[in-house]
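Coordinate inspection notes
Here is what each chain is made of, one letter per residue.
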Amino acid sequence: MRYNDVSLRVLPHCEARDPDYGWEDGHMAVDGTNSSDSSSSAQSSSSLSDALSQEQTSASRTREQEIRSELANNPQAVQALDRLAGNLSCYNMTEEQKVQALNDFMTAPNAATAAYVEGRVAQDLGVNLAASHSLMSPDAGTLTMDGQTYSIDQGSLVNADGQVVGTISNNGTVQFNGEEQTRSVYGDINARVELREQLGVNMQTVLDLRPADSRNRLGDPNLNQDFTNRVKDVIEQARREGMSLRVDTGFRTFAEQNQLYAQGRTAPGNVVTNARGGQSWHNYGLAVDLSFGNRPGADAWAANNNWSRYGEIAADNGLTWGGNWRSPDRPHVEYHPGFGAGDAGGMAGTHNRDGLEGVWDRMGIGQR
Ligand SMILES: [Zn+2]
């Protein structure tokens, strides 16, 4: 299953619709004509159109049923889907468009993608650019990038002096005035972003991403760079899906590992590892522990679906996830292509002779 964090999503502003663009009347007929326009002489073709429309509607319903049954074991997703379908009906979408929106939503159900889908749907319906932009812009929130913090006002980025210095969209795209290239709040894993939307009378947070590696642990030269690049890709993908991952621990020396091993055995505390010095991939710069950087006070270690999605993304990037082990270690990912999780201990001799780079050379994963 890939449906995570679907509660983080943007709903369109039905109340902002502009009757001049035909949203009230809609254009529901499958053949592209409004059936109410049909003259009496075109009665038979109207009936045919109705029949086709019904057939297509029933196919759409079947598809929607399929999607719903696939989502059935994720109550959050179903709720979000209901809200999506419910809110989009205010645009008089055709059944085809609804199903397309649901399909898109399934593929990447994060806040920004949902907003993108809705924005695109609005465009498909012939909304003018201003209306489309207001649909795709966060109403409020904050952005911190490169150490500067901006407040968000209807898609505009406002600096501390109250000047508008750029724009931000619900799809995570940032455009600073005077810069040719846009930036992404997902690609910059240390960007802090909170996007808020006015929903009725309430302001709701639809995306909340915190810096993933503010202490630059991934920059530790004792970590293998091929590995850390993959970890960054994992974090970026998770951010695209609305999940805020944070690097907790990385490299450990043999001595630090032995100290950790003693914990709960010969030293106070709970047992936290079964690996002695040299037996953990952390000791070779090939493992890190990530956790969810939730709001302060929130349970960052909850047994929710996000962990398994994190494991899937890690596997997609060639990493081994600790969440599948007999004693699950859900924050832990490690990288040892061609070797098993238990092969770490066999690297100690190489490490003692040739250091970290000797181990990486032996494994064929290059040098830092
Ligand atoms: Zn670990």
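1. A look at the overall build of the chain
Counting its secondary structure elements, the chain contains 9 helices and 12 strands. Counting over 368 residues, the chain shows a buried share of 35%. Sequence separation of 24 or more characterises 58% of the internal contacts of the chain that already satisfy a separation of 6 or more.

2. A closer look at the sheet that holds strand β12 (residues 332-334)
Ordered in space as β9-β10-β12-β11, the 4 strands form an open sheet in which the pairing is antiparallel. Each end of this open sheet is capped by a strand with a single partner; those strands are β9 (245-249) and β11 (320-321). In the sheet, strand β10 (residues 287-292) pairs with β12 via 3 bridges, with the strands oriented antiparallel. Paired with alanine 287 across the bridge in β12 is glutamate 334.

3. A look at the nonpolar core
Among the nonpolar cores identified, the biggest contains 32 residues, and Leu245 and Val333 are the most heavily contacted of them. Looking at this core, the elements that each hand over two or more residues are α6 (225-240), β9, β10, α8 (305-316) and α9 (348-363). In terms of residue count, α6 provides more of this core than any other element does, 5 residues in total. Setting aside its immediate chain neighbours within four residues, valine 333 contacts Val231, Ala287, Val288, Leu290, Ala314, Leu319, Thr320, Trp321 and Gly322. In terms of nonpolar packing, the next biggest core, distinct from the first, is built from 14 residues, Ile168, Tyr186, Val193 and Leu207 among them.

4. What to know about α6
Relative to the 22 Å expected for 16 residues at 1.5 Å per residue, α6 spans 22 Å between its end C-alpha atoms, a close match to the ideal helical length. Within α6, the full set of buried residues consists of Phe227, Thr228, Val231, Val234, Ile235, Ala238, Arg239 and Arg240. Two residues or fewer after α6 comes glycine 242, characterised by a positive phi angle close to 85°.

5. Thoughts on the environment of glutamine 154
If you trace the backbone, glutamine 154 turns up in the loop between β2 (148-153) and β3 (156-158). Exposure remark for glutamine 154: the 12 C-beta atoms within 10 Å place this residue in the exposed category. Taking the C-alpha atoms as reference, glutamine 154 lies 8.9 Å from threonine 167; in sequence the two are 13 residues apart. Not counting residues within four places of it along the chain, the set of residues in contact with glutamine 154 comprises Ser137 and Asp139.

6. Observations regarding unusual backbone geometry
The phi angle of most residues is negative, glycine excepted, and most peptide bonds adopt the trans form. Even without being a glycine, glutamine 154 presents a positive backbone phi close to 50°. Within the chain, asparagine 216 stands out as a residue other than glycine whose phi angle is a positive 55°. Relative to the helices and strands, asparagine 216 is located in the loop between β8 (202-209) and α6.

7. Focus: the environment of phenylalanine 176
Looking at the secondary structure, you find phenylalanine 176 in strand β5 (residues 173-176). Sequence-distant contacts of phenylalanine 176, defined by excluding residues within four places in its chain, comprise Val165 and Gly166.

8. What to know about the pairing of strand β1 (residues 140-145)
Looking along a regular strand, one sees the side chains alternate between the two faces of the sheet. Both β1 and β2 contribute to a ladder of 6 bridges, which runs antiparallel. Considered in β2, the bridge of threonine 142 is made with serine 151.

9. Thoughts on the confidence of the model for the chain
Confidence in the prediction for the chain averages 73 pLDDT; 59% of positions are at 70 or higher. Of the regions scoring below 50 in pLDDT, residues 299-303 engages in 4 contacts with residues more than four places distant in sequence or in other chains.

10. Some details on the environment of serine 280
Inspection of the secondary structure puts serine 280 in the loop between α7 (254-262) and β10. The sequence separation of serine 280 and alanine 348 amounts to 68 residues, and the corresponding C-alpha distance is 9.9 Å. Discounting residues that sit within four places of it in the chain, serine 280 has contacts with Arg252, Gln257, Thr273, Ala275, Ala287 and Ala344.

Thresholds, definitions, all that
- Residues numbered from 1 in each chain as written.
- Predicted model: local features only at pLDDT ≥ 70, side-chain atom pairs only at ≥ 80, totals over all residues.
- Helix = DSSP H or I, 4+ residues; strand = E, 2+ residues; numbered from the N terminus.
- Buried ≥ 20, exposed ≤ 12 C-beta atoms within 10 Å, placed from the backbone.
- Contact = placed C-beta atoms within 7 Å.
- Pairing = 2+ DSSP bridges.
- Core = buried A, V, L, I, M, F, W, Y, C linked by C-beta atoms within 7 Å.
- Expected span 1.5 Å × (residues − 1).
- pLDDT = per-residue confidence, 0-100.

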